2 protein chains.
Amino acid sequence: MSAKQTKTPLSADVVEAVIDAINFNDQGLVAAIAQQFGSNEILMMAWMSADAIRETLSSGQVCYFSRSRGELWRKGESSGQTQALLDFRWDCDGDTVLLVVDQIGVACHTGRRNCFFNAVRDGEITTIAEVEIEPKKLYGK
Amino acid sequence: MSAKQTKTPLSADVVEAVIDAINFNDQGLVAAIAQQFGSNEILMMAWMSADAIRETLSSGQVCYFSRSRGELWRKGESSGQTQALLDFRWDCDGDTVLLVVDQIGVACHTGRRNCFFNAVRDGEITTIAEVEIEPKKLYGK
């Protein structure tokens, strides 16, 4: 894929300038949307700390902050479903990051390609995407 | 546009079932991503309260909750840059909503089409999108 626009690793100076531009919330986190390059499919939304951004911009692989575990969450570390960073953007008021990525396999822990599979159809709440990889295969070891 | 998949107005029963499925945060809000139908461009990220969701699913026009003003924010009410709701989805853990919309004009208060115009290019933080409508024209009355 030749679409890489944020060349990693970025220098430490630039990484810190990016972090200065982000408005982290009271918990020191910023919302991060992951979008598949090419199709523009929205894969998931999660949270990043300053250290998660540092790691992402250094390694070129997306790293979030897990609010439930209270630690860095290197996406795909357990499941193999990694996200290679192609572009790192942020919004007008600095409280949301957009990660353009190349997703290996599936983004969702349910084994679906993306997390946004709940919708209303014909007046009923329903699931609009199929499981592509059984969670057992993703996490069963 | 014939892509409308969430037929509004939804019945009150279905609206309340959707709200029951959402995991609102401590402030009673849920993150909401707006995406343009067709291009799949990510326009913006904002927040919705239960009442904002009720209004959106009743009117078919996107209504957020303004954290700064502490009130419902009918997108485009001042600027005319409205978002017609085409599909309402939510994610695996119910803490993010995806609004597929048809955006009139520009989504960003800076007059850019979308809010994610900050990026790193050639080792420098830069702006990657032009202003399409001067903010004065959007808000100056």
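Refer to the structure printed above.
Report follows, based on the coordinates. (Residues numbered from 1 in each chain as written. Chains lettered and ligands numbered in written order. Predicted model: local features only at pLDDT ≥ 70, side-chain atom pairs only at ≥ 80, totals over all residues. Heavy atoms only, no water.)

1. What to know about the sheet that holds strand β6 (residues 96–103) of chain B
Read from one edge to the other, the open sheet built from 6 strands follows the order β8(A)-β7(A)-β5(B)-β6(B)-β1(B)-β2(B), with strand pairing classed as mixed. In this open sheet, the two edge strands, each paired with only one partner strand, are β8 (124–127) of chain A together with β2 (42–48) of chain B. Strand-to-strand twist in this sheet, taken as the mean axis angle between neighbours without regard to direction, amounts to 40°. Across 7 bridges, strand β5 (residues 83–90) of chain B lies against β6 of chain B in antiparallel orientation. Within β6 of chain B, the position partnered with phenylalanine 88 of chain B by the bridge is leucine 99 of chain B. Across the face of the sheet, helix α1 (residues 12–21) of chain B comes into contact with β7 (118–121) and β8 of chain A together with β5 of chain B while running at roughly 55° to β5 of chain B. (Pairing = 2+ DSSP bridges. Helix = DSSP H or I, 4+ residues; strand = E, 2+ residues; numbered from the N terminus. Axes fitted to C-alpha atoms, helices over the stretch in contact; angles between N-to-C directions. Contact = heavy atoms within 4.5 Å.)

2. Some points on helix α1 (residues 12–21) of chain A
The set of residues buried in α1 of chain A consists of Val14, Val15, Val18 and Ile19 of chain A. The buried residues of α1 of chain A occupy an angular sector of 140° when the element is viewed end-on, so they sit on one face. Facing away from the buried side of α1 of chain A by more than 90 degrees, the exposed set consists of Ala12, Asp13 and Asp20 of chain A. The inward-facing, buried residues of α1 of chain A contact α2 (50–59) and β5 (83–90) of chain A together with β7 (118–121) and β8 (124–127) of chain B. (Buried < 20%, exposed > 50% of the residue type's maximum accessible area, 1.4 Å probe, protein only. Arc of directions from axis to C-beta.)

3. Side note on the packing of aromatic side chains
Enumeration according to the criterion identifies 4 aromatic pairs over all chains in this entry. Between phenylalanine 88 of chain A and tryptophan 90 of chain A, the ring centres sit 6.0 Å apart and the planes meet at 55°, which makes this aromatic pair tilted. On the accessibility criterion, tryptophan 90 of chain A (2% relative accessible area) is buried. Geometrically, the ring pair formed by tyrosine 64 of chain B and tryptophan 73 of chain B is tilted, given 5.1 Å between the ring centres and 45° between the ring planes. Classification of tyrosine 64 of chain B as buried rests on a relative accessible area of 0%. Among the residues examined, tryptophan 73 of chain B registers a relative accessible area of 25% and is labelled partly exposed. When the ring centre of phenylalanine 117 of chain A is taken as origin, the NZ or CZ atom of arginine 112 of chain A, which lies over that ring, is 4.0 Å away. (Phe/Tyr/Trp six-rings, centres within 6.5 Å; stacked < 30°, edge-to-face > 60°. Lys NZ or Arg CZ within 6 Å of the ring centre and 35° of its normal.)

4. What to know about the environment of leucine 29 of chain A
All names here are of chain A. Topologically, leucine 29 is positioned in the loop between α1 and β1 (30–36). On a C-alpha basis, the gap between leucine 29 and threonine 96 in space is 9.7 Å, while along the polypeptide they are 67 residues apart. Those residues in contact with leucine 29 that sit more than four places away from it in its chain are Phe24, Trp47, Met48, Ser49, Phe65 and Arg67.

5. Regarding the sheet that holds strand β6 (residues 96–103) of chain A
Ordered by their spatial adjacency, 6 strands build an open sheet running β2(A)-β1(A)-β6(A)-β5(A)-β7(B)-β8(B), and the pairing between neighbours is mixed. Each end of this open sheet is capped by a strand with a single partner; those strands are β2 (42–48) of chain A together with β8 of chain B. In this sheet, neighbouring strand axes are inclined to one another by 40° on average, regardless of whether the strands run parallel or antiparallel. The sheet contact formed by β7 of chain B and β8 of chain B spans 4 bridges and is antiparallel. Bridged to asparagine 118 of chain B within β8 of chain B is threonine 127 of chain B.

6. Here we look at the relation of the copies chain A and chain B
Least-squares fitting of chain A to chain B yields an RMSD of 0.0 Å, with the transformation described by 0.0 Å of translation along the axis and a rotation of 180°. The transformation relating the two chain copies, once decomposed into turn and shift, fits a two-fold axis. In terms of proximity to the rotation axis, the leading residue of chain A is asparagine 40 of chain A, whose C-alpha is 2.7 Å off the axis. Comparing contact sets, 97% of the residues at the interface of chain A also lie at the interface in chain B, consistent with an isologous, same-surface contact. (Least-squares fit on C-alpha atoms with pLDDT ≥ 70 in both.)

7. Brief notes about the pattern of salt bridges
Following the criterion strictly, the structure yields 16 salt bridges over all chains and no others. Ionic pairing is found between arginine 74 of chain A and glutamate 55 of chain A, a salt bridge with its closest N-O pair at 2.5 Å. Separated by 19 residues along the polypeptide, arginine 74 of chain A in strand β4 (residues 71–74) and glutamate 55 of chain A in helix α2 bring together distant segments of the chain. A residue is classified by how much of its surface remains accessible, and arginine 74 of chain A, at 33% relative accessible area, is partly exposed. A salt bridge links aspartate 95 of chain B to arginine 67 of chain A, with the shortest nitrogen-to-oxygen separation between them at 2.9 Å. (Salt bridge = Lys/Arg side-chain N within 4 Å of Asp/Glu carboxyl O.)

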